[in-house]
Structure formats: C-alpha cells, structure tokens
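Report on the structure
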Amino acid sequence: MNGIIILDKPEGFTSFDAVAVLRRLSKEKKIGHTGTLDPLATGVLPLLLGRAAKALQFLPDTDKEYQASFRLGERRDTGDVTGALVEESQAPVSPETLQAVLPAFRGEILQVPPMYSAVSVNGKRLYQLARKGIEVERQARPVTVSRLELLSYDPQTREGTLQVACSKGTYIRVLIEDMAKAAGSCGTMTALRRTRACGYTLEEAHSPEELQSLAQEGRLEQVLQPVESLFAVYPAVQVSPAQATRFQNGGSLDLCRLRQAPQEEGLCRVLSPKGSFLGLGTVDRQEGLLRFAKGFTEGETAS
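Residues numbered from 1 in each chain as written. Predicted model: local features only at pLDDT ≥ 70, side-chain atom pairs only at ≥ 80, totals over all residues. Heavy atoms only, no water.

Let's talk about the pairing of strand β10 (residues 141–154)
To be explicit about the condition: Strands qualify as paired when DSSP identifies two bridges or more between them. Helix and strand labels come from DSSP, where a helix needs a run of H or I of at least four residues and a strand needs a run of E of at least two; each type is numbered from the N terminus.
Here strand β7 (residues 107–111) runs beside β10; their pairing, made up of five bridges, is antiparallel. The residue bridging Gln111 from the neighbouring strand is Arg141, located in β10. Where β10 lies against strand β11 (residues 159–166), eight bridges are found, and the strand directions are antiparallel. Each bridged residue has a counterpart across the sheet, and for Val145 the counterpart in β11 is Cys166. Between β10 and the antiparallel strand that follows it, β11, lie four residues; Arg158 among them carries a positive phi value of about 60 degrees.

As for helix α6 (residues 241–248)
Short version of the rule: Relative accessible area decides the class of each residue, using a 1.4 Å probe on protein chains only: under 20% of the type maximum gives buried, over 50% gives exposed, and in between gives partly exposed. By arc we mean the arc of the directions from the helix axis to the C-beta atoms, nothing more. When checking whether two residues touch, look at their non-hydrogen atoms; a contact exists if any pair is within 4.5 Å.
All buried positions along α6 are accounted for by Gln243, Ala244 and Phe247. Projected down its long axis, α6 carries its buried residues within an arc of 105 degrees, all on one side. α6 presents Pro241 and Ala242 as exposed residues on the side facing more than 90 degrees away from its buried surface. Among the structural elements, β15 (253–254), β16 (266–271), β17 (277–284) and β18 (289–295) are those in contact with the buried residues of α6. Two residues or fewer past α6, Gly250 is found with a positive phi of approximately 90 degrees.

With respect to the packing of aromatic side chains
Rules: Ring pairs are drawn from Phe, Tyr and Trp, using the six-membered ring of Trp, whenever the two centres fall within 6.5 Å, and their geometry is named by plane angle: stacked under 30 degrees, edge-to-face over 60, tilted for the rest.
According to the stated counting rule, one finds six aromatic pairs in the structure shown. Between Phe231 and Tyr234, the ring centres sit 6.0 Å apart and the planes meet at 15 degrees, which makes this aromatic pair stacked. This pair shows no difference in class: Phe231 is buried, exactly as Tyr234 is. Aromatic side chains Phe277 and Phe296 sit 5.7 Å apart centroid to centroid with 20 degrees between the ring planes, which places their arrangement in the stacked category. Pair noted here: Phe277 is in strand β17 and Phe296 is in the segment after β18, with a separation of 19 residues, a long-range link. Note on accessibility: Phe277 and Phe296 belong to one class, buried. Cluster of aromatic residues (ring-pair linked, three or more members): Phe231, Tyr234, Phe277 and Phe296.

Considerations on the pattern of salt bridges
Proximity of charged atoms lets side chains of opposite charge pair with each other. The condition is simple: Salt bridge, as used here, is a side-chain nitrogen of Lys or Arg placed within 4 Å of a carboxyl oxygen of Asp or Glu.
Overall, the coordinates contain ten salt bridges when judged by the stated rule. Glu87 is the partner of Arg75 in a salt bridge, and the nearest nitrogen-oxygen pair spans 2.8 Å. Remark: Glu87 occurs in strand β6 (residues 85–88) and Arg75 occurs in strand β5 (residues 74–76); sequence separation between them is twelve residues. One salt bridge in this structure joins Glu217 and Arg219, with 2.5 Å as the shortest N-O distance. According to the relative accessible area criterion, Glu217 is partly exposed, its value standing at 49%. Ionic contacts of the salt-bridge type, sharing partners, join the residues Arg71, Glu74, Arg76 and Glu159 into one network.

Comments concerning the UniProt feature "domain: tRNA pseudouridine synthase II TruB subfamily 1 C-terminal" (unreviewed entry) in the chain
Just so we agree on the cut-off: UniProt positions are given in the numbering used here, feature names are shortened, and annotations may be inferred rather than shown by experiment.
Taking the numbering used here, the UniProt-annotated feature "domain: tRNA pseudouridine synthase II TruB subfamily 1 C-terminal" (unreviewed entry) corresponds to residues 235–285. Across residues 235–285 one finds 16% helix and 37% strand; the C-alpha atoms that close the span lie 15 Å apart.

As structure tokens, then:
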C-alpha cells in the first residue's frame, strides 16, 4: 500500500501510537509521519505508507495551522495543562490588552525552546533533563508566525482561543506564554488542534474508528492520497518516453531538451508522458541539467 493517509489524531495518542495503529490496519510495514504531535494535541497527522515513506527528506516547508485554547493567570512547567503549576497571577487582562500584544508576535519572531521539548542540547533531549528537574540555557530560534488571530476570549474566566499559522519548529505553548507575559500576566495552553499540515486539512482527515471500519470492509485504499500530493507546491515537468526511462534509471536530463523546463532552480515533479508521477528532480541551471533526486515508482533503480 503506497500513499498518504491523513489521520485525525485523538488526544492521548502519540505519533508512535498512530503509526502502530495504521501498521496494524494496513498490514504495511513501512510507515512514517510528517511531524510529531504531543499527546495533548489532536488533528491533522499525515502518515506516509510504503514508497511514500521515502518522501520525508523532500517535503516542502509549508506552514502549519492550529486552533489553540489557553488560560491566563497560571503557568505550568510543561507549558500546558498536563504539567505542574509553577506561577499564578491575579492581574486582570482585557480583550483590548490581548489584541494589542498580538502584532508583536506576527511575522518572524524569536522563540526559546521549552524544556519539555525534543530539542537536543549537548547530546541530551531537553525533556529528559526536565524530567530530572534540570533546566539548561537554550538559544532563541527564529520562527515565522504568518497568522495570529484571537478567536475568543472571556475576561471573567480568562480563557480564550487562538488561530495560528506558523512555520515548522514553532511552539504554540511558548507563543501563549510569551503573549501572556506581554499582556501582564502568565498563561498556559489548555488544548491544541492542528487544522492543516503539509497542505492537508481536517476535511481530509479520518479518525482511527473510521479507518478501522474501512479496513474491516477492505476499503482502506479509498482514503489514500497519492504520493504526488505531498509535492503539489513544486513545479511539474512532463518528459518523453526515452527521458522517463533515463530518469527512472537515475540519469540526468538535458534542460534544453525538455518541452517546458522549470524556470527556477530547486525541486520539481517529474511526470511521465501520460502524466503519472515518476519522482522528484533537481533543476541545475548552471549545468543545464535536471538531476534525479528521488523516484517513487516500482521500477526505481537509483536511490
């Protein structure tokens, strides 16, 4: 079975749990995922089956979108409600105050990774140190928040919801803590739902129960997304039969011999004469070549 299944990950599942469930349902051994979601988080988790698992290193760096719930007036060591309470604040925060701090967190910003994260420092995962009560200095990292909107906020309960679109590596827990601090309080994340990842949305996602029913009926393949859908943002080039054979054998193609060569350097989708997806090529304009990057057909002979 080759392709992508979009899981609507339930709360309490780890990404490893999700892979294990789908491996059991699909009988496919090779399964990968496009990025971890914490057990508290729910929502879009693309799972790559079979030959699609080879796509991980070539995935485009697209924004992810989330709906995040938060509570002001408390901060926890994990950054979310699963952790221990480490700070409280009685300072009132109005909706106007919250709205006023949002612009400072849009665009490219710096974030310090939380201690409860998979970031490595001196060969140790931060969460491993945090569980031992050890806190170390972390370097701030640039991330991009392309959308940040306050969907709701109740000043009485001090609870609200954010809509966030951001780059890979953005910690929503840290974003909430930093926003709360800027508003004169402290804060923690109470829920997180990923609504888009790798170009896929919740409308395309399926619950574990739905996938189990489809598997029992022998219809699991009906919800498989094609491997090519992972690379929809890359330009496409269609090749001749002879060029297709050469490409599938790992050979480079002369750009000037292509009917419509991509104009920009970088990755592109290579299609057969009939329009089927063969794999990814890399445009090298300096050498005038379309180089083989990765094949996704059964006949692939290059790696």
